[in-house]
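Now for the letters of each chain:
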Amino acid sequence: MWLLRLAWALAALSIMASSGPSPSPGPGPTVPPPDKASIFADLSPAELRAVRTFLMSRPELGLSLSRGGPLAKNTLFLVELLPPKKRLALRYLDQGGPQPRRQARAVIFFGGQAEPNVTEFAVGPLPQPSSYRPLRFKGGRAIPFDARPMTQLEYELLHRTLVKAMEPLYRLLRDSTGFWYHNCSQRCLTFSDIAPRGLAPGERRTWMVLQRFVEGFFLHPVGLEVLVDHRDPDPGRWAVQQLWYNGQYFSSPQELARRYEEGTLVVAHLAEPPSQQLFSSYEPRGHFATETPTEVHGAKVCEPQGRRYRLRGNQLEYGGWSLAFRLRSSAGLQLFDLRFNGERVAYEVSVQEAIAFYGGHTPAAMQTKYMDAGWGMGSVTYELARGIDCPEVATYLDAHHLYDADGPVRFSRAICIFELPTGVPLRRHFDSDFQGGFHFYAGLEGQALVLRTTSTVYNYDYIWDFLLYPNGVMEAKVHATGFIHATFYTPQGLRYGSRVHSHVLGNLHTHLVHYKVDLDIAGTGNSFETMDVRFENISNPWSPGARVVQPWLHRQPRRRERQAAFPFGKALPRYLLFYNPHRRNRWGHARSYRIQHSSHAGRVLPRGWQEEKGISWGRWGGGAPMGLILPPIPHRYHLAVTRHHENEPSSSSIYAQNDPWEPLVSFEGFLRDNETIEDQDLVAWVTVGFLHVPHAEDIPNTATPGNAVGFFLRPFNFFDEDPSVASRSPVIVRPLDPPTFSQLEIQRWTPASPGPCVAPEPFTYNGTYRQE
């Protein structure tokens, strides 16, 4: 009998299911046509080639090929889009003005002259360039030649220097590691280089960590670190200045070799690495105690009725969202003209810099202060693996970089776009009748559109995401994974990290990531205020003699830039509100957006200390170490708000890594004049990060759970209600015959069944990136 009743109930459910009345459409959104987004598009391969050909043809520049030949020559290092000035872009986007002239940014290393330097140029107009002019940093400072990023040619010359220098150490390295550096074929050593390259401006001295060249070589230091001075343009004059081996310093390879031959050296003998299941490899080993299956595919993302987003050129549309995007070779993803239902929320949201500052007992560890824009953070966007890095159904886009190359290099599947089920409803409610039944259930499934790329900066892999939610929320997020930066284990090293293998120390470090958020909340005239809770103790109006302690909202307008800079070490107000003082929603509130941090960022160095000057956006405002006198440099910030200026396009540069002591871009200078920020075009500079103390579970790789930081842009009275009510994806269930609940009305505006899911194509991967 119960089976008959169940069948009748199911039939009733099927009969009463309703697609529901379709809400009347509102006014059409004013999304810009895709051709307008093209002013922000990356340079095409043809444009990259055109810029290179034009510059190479100019005899006054005297350019040579980047690869091969001497170091002392003039070379074209980088070509990428030079975005239009904001005022010209807005005139074109909003007022029907002329299209801004399309230009390239070109970086040239002038190494073949008496006084070498680096110069940046604006080259245009594209697609057929005919002129160039120098670009200047704020303050007009020239770019020191020693501040330039490393090139493949310089690495090749460093390798040759090490081959010669390591020859006296052949027996020591062979006997202690089974590998060696010079004249090797299969059992070779390699190296990882450390930056910054010295201790003061004008230096170019690099510590190099020698490692066994096996899979995951970052986890295989052999206990030898070498300091090479390579400032001279003639590699024949490069020299090894110091060595560190197993806790001791030596002045030359010959001294170290002599100590080994005399038998007075404490030698670190390393075990032979296994041919299979090496601890630094991804090969499976061990078993889960539950023995639940892992040899079959897990859950997958699918698009049962097709894609719900639109990609036209570099313009992306999803629900109420539209934006333009590009992938800068210098620093990574950059979003422009973010709109919701046609209204601009932000003109630009972009990654500026990612740093990792370390501590350790070895010289390489204590010197490691990585600033990844100086390593071409946006150019190392290698192929994304379908089904792992992004879902199989994602849209994959290639990227083309001209970075330290003699032509454009195509990086296949460098970007992916996909809709992601969040696994949690966007919103839902079960309305109980508290008698075993309910009045209604309603829910809206949670989804977001993801724009993703990765940066593999040697050992670390950063996964960069921008997520668009249907309720007007945007999230910027970065996951850190890849190999830890490890050094050789010594007992003294435990002060600076964890022993993670027999001869491997995982060194503590702090990750900081900096974003630029150029907000235009319902227009360019914006103001900024913070809001938090305070408490009041008042008489209870409905109970004489009693008291009420309750919270109230404390709003604090921030009228000048200094008032809107929030240093590390102090509590950050919980509501950071950017609003348009002239525009209000239906309920009388200033239309606002909120920045909400998802971060554990903290100090990396005491303020003003040497390399810390290169990351003034991430400095700490704590006191100086005992006995150290430091200049009075202001605090550094979770968030700083400044006026928009065309000559302040970025908070960092590709030159900060190799000259952090006198940085070309001083973020502190953005705040020095303490301008008013009331009813102005504002930029929010957001710092997020976390402390990473490596541990055994970071072997073989750091895992993404718990290692993600970012921030949200959330509407706060910008709309009259949650804009996701425009979605046709909710489900509403109402009982028709309480209290029996045998008949239900199910309202939905999508097909009753999602249908079949994942496409059957097998996994493929290429992994090459080649000049075309």
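Calculation rules
Residues numbered from 1 in each chain as written. Predicted model: local features only at pLDDT ≥ 70, side-chain atom pairs only at ≥ 80, totals over all residues. Heavy atoms only, no water. Helix = DSSP H or I, 4+ residues; strand = E, 2+ residues; numbered from the N terminus. Rg over C-alpha atoms; globule rule 2.2 N^0.38 Å. Buried < 20%, exposed > 50% of the residue type's maximum accessible area, 1.4 Å probe, protein only. Contact = heavy atoms within 4.5 Å. Areas by Shrake-Rupley, 256 points an atom, 1.4 Å probe, with all protein chains shown as cover. Lys, Arg positive; Asp, Glu negative; His and termini not counted. Charge placed at Lys NZ, Arg CZ, Asp CG, Glu CD. Core = buried A, V, L, I, M, F, W, Y, C linked by side-chain atoms within 4.5 Å. Disulfide = S-S within 2.5 Å. Pairing = 2+ DSSP bridges. Expected span 1.5 Å × (residues − 1). Phe/Tyr/Trp six-rings, centres within 6.5 Å; stacked < 30°, edge-to-face > 60°. Lys NZ or Arg CZ within 6 Å of the ring centre and 35° of its normal. Patch = residues over 30% accessible without salt bridge, like charges linked within 9 Å, V, L, I, M, F, W, Y side chains within 5 Å. Salt bridge = Lys/Arg side-chain N within 4 Å of Asp/Glu carboxyl O. Axes fitted to C-alpha atoms, helices over the stretch in contact; angles between N-to-C directions. pLDDT = per-residue confidence, 0-100. Parallel < 35°, antiparallel > 145°, perpendicular 65-115°, else oblique. Nonpolar A, V, L, I, M, F, W, Y, C, P; charged D, E, K, R; others polar.

Enquirer: What is the right way to read the overall build of the chain from this model?
Expert: A tally of helices and strands in the chain yields nine helices and 39 strands. Its C-alpha radius of gyration of 29 Å places the chain within 12% of the 28 Å reference for a compact globule of 772 residues. For the C-alpha atoms alone, the extent of the chain along its principal axes is close to 95 × 70 × 65 Å. Here the chain holds 772 residues, and the buried ones make up 54% of them. In the chain, 66% of the contacts between residues at least 6 apart in sequence involve partners at least 24 apart. Per element, the accessible surface of the chain, about 34900 Å² overall, is 54% carbon and sulfur. Across the chain, the centroid of the 79 positively charged side chains sits 4 Å from that of the 74 negatively charged ones.

Enquirer: So what exactly am I meant to see when it comes to the nonpolar core here?
Expert: Most often, soluble globular proteins keep nonpolar side chains buried together rather than apart. The biggest cluster of nonpolar side chains holds 112 residues, and the ones touching the most others in it are Met166, Leu224, Trp464, Met474, Tyr515, Phe528 and Phe711. Looking at this core, the element that brings in the most residues is strand β16 (residues 343-358), giving seven residues. With near-sequence residues (within four places) excluded, Phe528 lies in contact with Pro557, Arg558, Ala564, Phe566, Leu576, Leu577, Phe578, Tyr579, Leu639, Val641, Ile677 and Leu682.

Enquirer: Please clarify how the state of the cysteines should be interpreted in this entry.
Expert: When the sulfur atoms of two cysteines share a covalent bond, that bond is a disulfide. Applying the stated criterion across every chain yields a total of two disulfides. For Cys184, the disulfide goes to Cys188, at an S-S distance of 2.1 Å. Disulfide Cys184 to Cys188: torsion about the S-S bond roughly 115°, handedness right-handed. Given a relative accessible area of 25%, Cys184 falls into the partly exposed group. A residue is classified by how much of its surface remains accessible, and Cys188, at 12% relative accessible area, is buried. With a sulfur-sulfur separation of 2.1 Å, Cys390 is cross-linked through a disulfide to Cys416. The S-S bond linking Cys390 to Cys416 shows a torsion near -75°; that makes this disulfide left-handed. Note that Cys390 is positioned in the loop between β17 (369-371) and β18 (395-403) and Cys416 in strand β19 (residues 409-421), a separation of 26 residues in sequence.

Enquirer: I would appreciate a short explanation of the pairing of strand β4 (residues 117-124) in the present structure.
Expert: Two faces, one strand: in a regular strand the side chains alternate between the faces of the sheet. With respect to burial, β4 is a largely interior element, seven of its eight residues being buried. Bridge analysis of strand β3 (residues 103-110) against β4 gives seven bridges, and the strand direction is antiparallel. Note that in β4 the partner of Arg105 across the bridge is Ala122. Hairpin geometry of β3 and β4 is characterised by an intervening segment of six residues between the two adjacent antiparallel strands. Examined bridge by bridge, β4 and strand β6 (residues 143-144) share two bridges and lie antiparallel to one another. By the bridge assignment for β6, Asn117 is matched with Pro144. Bridge count for β4 against strand β5 (residues 131-135) is five bridges, and the pairing is antiparallel. Among the inter-strand pairings, Ala122 is bridged to a residue of β5, identified as Arg133. In textbook terms, the turn of a hairpin is the stretch between consecutive antiparallel strands, and for β4 and β5 this stretch comprises six residues.

Enquirer: In this structure, what is going on with helix α5 (residues 152-165)? I would like to understand it.
Expert: For an α-helix, the turn length of 3.6 residues means that residues three or four places apart are oriented alike. With 14 residues, α5 should cover 20 Å at 1.5 Å per step; its first-to-last C-alpha distance of 20 Å lies within 8% of that length. In the core, the buried residues of α5 are packed alongside β7 (189-193), β8 (205-212), β9 (221-229), β10 (239-245) and α7 (253-262).

Enquirer: Would you mind showing me how to read the packing of aromatic side chains here?
Expert: The relative placement of two aromatic rings is captured by the distance of their centres and the angle of their planes. Taken as a whole and judged by the stated rule, the model has 33 aromatic pairs. Consider the rings of Phe336 and Tyr347, whose centres lie 5.7 Å apart with planes at 70°: the pair is edge-to-face. One end of the pair, Phe336, is in strand β15 (residues 332-340); the other, Tyr347, is in strand β16, and eleven residues separate them in sequence. The same class applies to Phe336 and to Tyr347, which are both buried. An aromatic cluster of at least three residues, connected via ring pairs, comprises Tyr155, Tyr358, Tyr370, Trp375 and Tyr458. Between the NZ or CZ atom of Arg591 and the centre of the ring of Phe718, over which it lies, the distance is 4.0 Å. The lysine or arginine in question, Arg594, covers the ring of Tyr575, its NZ or CZ lying 3.6 Å from the ring centre.

Enquirer: Whenever I open this one, a positive patch on the surface confuses me. Can you help?
Expert: On the surface, Lys85, Arg87, Arg91, Arg101 and Arg133 cluster together to form a positively charged patch. Structurally, the position occupied by Arg87 is in helix α4 (residues 86-95).

Enquirer: What am I meant to see in the pattern of salt bridges here?
Expert: Opposite charge on two side chains permits them to pair, given that their charged atoms come into close proximity. Counted under the stated rule, the structure contains 44 salt bridges. For the salt bridge of Arg308 with Glu419, the shortest nitrogen-to-oxygen distance reads 2.6 Å. Of the two residues, Arg308 is situated in the loop between α7 and β12 (309-312) and Glu419 in strand β19; the sequence distance between them amounts to 111 residues. For Glu419, a relative accessible area of 10% translates into the label buried. Of the charged contacts, one joins Asp398 and Arg410 as a salt bridge, the two residues approaching to 2.9 Å between their closest N and O atoms. Of this pair, Asp398 sits in strand β18 while Arg410 is found in strand β19, placing the two residues twelve residues apart along the sequence. Residue classification places Arg410 among the partly exposed residues on the basis of a relative accessible area of 31%. A single network of salt bridges, built from pairs that share partners, joins Lys86, Asp518, Asp520 and Asp681.

Enquirer: Please explain the side chain of Asp681 as it appears in this structure.
Expert: Turning to its location among the elements, Asp681 is positioned in the loop between α9 (667-672) and β35 (682-692). With a relative accessible area of 18%, Asp681 lands in the buried category. Sequence-distant contacts of Asp681, that is, excluding residues within four places in its chain, are made with Lys86, Asp518, Leu519, Asp520, Thr524, Thr642, Arg643 and His644.

Enquirer: Just to check I follow, could you spell out the sheet that holds β8 for this structure?
Expert: Pairing between the strands of a sheet comes from backbone hydrogen bonds, and it takes one of two forms, parallel or antiparallel. Ordered by their spatial adjacency, five strands build an open sheet running β7-β8-β9-β10-β11, and the pairing between neighbours is antiparallel. Each end of this open sheet is capped by a strand with a single partner; those strands are β7 and β11 (248-250). Sheet twist, expressed as the average angle between the axes of neighbouring strands with direction ignored, equals 25°. Note: β9 against β10, six bridges, orientation antiparallel. Pairing of Leu227 across the sheet is with Gln242, part of β10.

Enquirer: Mind showing me how you'd approach the confidence of the model for the chain here?
Expert: Any residue range with low pLDDT should be treated as having predicted coordinates unsuitable for detailed reading. Summarising the model, the chain shows a mean pLDDT of 91, and 90% of its residues fall at 70 or more. Counted against residues more than four places away or in other chains, residues 620-635, with its pLDDT under 50, gives 28 contacts.

Enquirer: How do you make sense of the packing of helix α6 (residues 170-177) against α7 when you look at a structure like this?
Expert: One way to put it is that α6 packs onto α7 with a least axis distance of 9 Å and a crossing angle of 60°. Here α6 is positioned oblique relative to α7, judged by the angle of their axes. The segment α6 lies against α7, with Arg171, Leu172 and Asp175 engaging Leu256, Tyr260 and Glu261. Here the residues of the contact of α6 with α7 sort into three nonpolar, no polar and three charged.

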